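Each chain, written out:
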Amino acid sequence: MTGRRFRFVQWTLRPDTEADAPRTAHRFRCVTLDDRDDECGACSAACADPGEAQGWAFGHWRAHPDHTDFAETVERPWVMWMDGPA
Ligand SMILES: [Zn+2]
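Since this is a predicted model, take the numbers as computed values, not measurements.

Conventions and cut-offs
- Residues numbered from 1 in each chain as written.
- Predicted model: local features only at pLDDT ≥ 70, side-chain atom pairs only at ≥ 80, totals over all residues.
- Heavy atoms only, no water.
- Donors = N, O, S within 2.8 Å, 3.2 Å for Na, K, Ca; no water.
- Tetrahedral: all angles 85-135°; square planar, octahedral: opposite > 155°, others 65-115°.
- Buried < 20%, exposed > 50% of the residue type's maximum accessible area, 1.4 Å probe, protein only.
- Helix = DSSP H or I, 4+ residues; strand = E, 2+ residues; numbered from the N terminus.
- Polar contact = N/O pair within 3.5 Å; in protein donor to acceptor, adjacent residues only side chain to side chain.
- Contact = heavy atoms within 4.5 Å.

Caption draft 1: View of the coordination of the zinc ion. Looking at the metal site, the zinc ion is ligated by Cys30 (SG), Cys40 (SG), His60 (NE2) and His67 (ND1), spaced 2.0 to 2.4 Å from it. One can describe the site at the zinc ion as tetrahedral: its four donor atoms subtend angles covering 105 to 113 degrees at the metal. Every donor residue of the zinc ion comes from the same chain, spaced as C-x9-C-x19-H-x6-H. Taking the relative accessible area as the measure of exposure, His67 reaches 17% and is therefore buried.

Here it is in C-alpha cells:
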C-alpha cells in the first residue's frame, strides 16, 4: 500500500515588497464627460512615481482646460506567502 502524506499549511496574502517584485504603478485617466456623456478616457503611462502620473494630469489639463476630472489607479503587487502550519 502506498501512502500519501499531506501537510496543511497556512497561506497569507501580503503586499510583495521583495527586491524583485513588480513596482507599484500609478496611472491617471481623464474622466471628464463630453456633451454626449462620453468619458474622455485619455490616460497616463503607468508610472512608478505618483508625481509623474500627476504631472501628466496637469499636462492634459493645460492642453484641455475644460478637462478637470481625473481618476487614479494604483496597482500594487501582492504575493501568496506560506506562513507555517495551519
Ligand atoms: Zn481629457
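Caption draft 2: Layout of the side chain of His67. Within the secondary structure layout, His67 lies in the loop between α1 (50–63) and β3 (70–75). Within polar-contact distance, the side chain of His67 engages the side chain of His60 at 3.2 Å. Apart from the residues within four sequence positions on either side, His67 is in contact with Cys30, Thr32, Cys40, His60 and Trp61.

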